[in-house]
Amino acid sequence: MIGQQQEREQREKSRRRSAEITAFVAGLVVTFAFFAFFPGLPHVIDWGAILVSVLVGALARWGCRRWMERGGGGDGGSPRS
């Protein structure tokens, strides 16, 4: 009984971790692509673009973590309910 619960918690923790990593990488890549291909910007990846991309990735990871803590949006309803 306890072993099953620990296994389920471990699977949930692993799923959350992989989702957080995916959110971070997605935020990072999308921001890099914005700086590299958006018309009107110099098409150069400098330290400012790298820093902003890392911050956007961290923000995406934080948002993913908060969303998953709330229940993934499927059964939790809106945060106001």
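Residues numbered from 1 in each chain as written. Predicted model: local features only at pLDDT ≥ 70, side-chain atom pairs only at ≥ 80, totals over all residues. Heavy atoms only, no water.

Attention now goes to the packing of aromatic side chains. Counted under the stated rule, the structure contains two aromatic pairs. Aromatic side chains phenylalanine 34 and phenylalanine 35 sit 5.5 Å apart centroid to centroid with 70° between the ring planes, which places their arrangement in the edge-to-face category. With a relative accessible area of 21%, phenylalanine 35 lands in the partly exposed category. Both rings, one in phenylalanine 34 and one in phenylalanine 38, keep their centres 4.7 Å apart while their planes meet at 35°; by these two values the pair is tilted. Through successive ring pairs, a cluster of aromatic residues spans Phe34, Phe35 and Phe38. (Phe/Tyr/Trp six-rings, centres within 6.5 Å; stacked < 30°, edge-to-face > 60°. Buried < 20%, exposed > 50% of the residue type's maximum accessible area, 1.4 Å probe, protein only.)

What follows concerns the pattern of salt bridges. What the rule picks out here adds up to four salt bridges. Note that glutamate 12 and arginine 16 form a salt bridge whose closest N and O atoms lie 3.4 Å from each other. In this pair, glutamate 12 and arginine 16 both sit in helix H1 (residues 2-37), four residues apart, roughly one turn of the helix. Glutamate 12 sits in the partly exposed class, given a relative accessible area of 30%. Of the residues examined, arginine 16 reaches a relative accessible area of 30% and is grouped as partly exposed. One salt bridge in this structure joins glutamate 20 and arginine 61, with 3.1 Å as the shortest N-O distance. (Salt bridge = Lys/Arg side-chain N within 4 Å of Asp/Glu carboxyl O. Helix = DSSP H or I, 4+ residues; strand = E, 2+ residues; numbered from the N terminus.)

Within the element layout of this structure, glutamate 20 appears in helix H1. For glutamate 20, a relative accessible area of 8% corresponds to the buried category. One polar contact links glutamate 20 to arginine 65, side chain to side chain, over a distance of 3.1 Å. Those residues within four positions of glutamate 20 in sequence are excluded, and the remaining contacts are Arg61, Cys64 and Arg65. (Polar contact = N/O pair within 3.5 Å; in protein donor to acceptor, adjacent residues only side chain to side chain. Contact = heavy atoms within 4.5 Å.)

Across its 36 residues, H1 extends 52 Å between first and last C-alpha, which sits within 8% of the 52 Å expected from 1.5 Å per residue. Turning to H1, its buried residues number three or more, namely Glu20, Ala23, Gly27, Leu28 and Thr31. (Expected span 1.5 Å × (residues − 1).)

Quick look at the packing of H1 against helix H2 (residues 47-69) now. At a minimum axis distance of 7 Å, the contact between H1 and H2 shows a crossing angle of 145°. Here the hand of the crossing between H1 and H2 comes out right-handed. (Axes fitted to C-alpha atoms, helices over the stretch in contact; angles between N-to-C directions. Left-handed = near helix turned anticlockwise from the far one by under 90°.)

Turning to H2, a few remarks are in order. In an α-helix, one full turn covers 3.6 residues, which means residues spaced three or four apart are oriented alike. Over its 23 residues, H2 extends 33 Å from the first C-alpha to the last, a length consistent with the 33 Å expected when each residue adds 1.5 Å. Each element contacted by the buried residues of H2 is listed here: H1. Looking one or two places after H2, you find glycine 71, whose phi comes out positive at around 115°.

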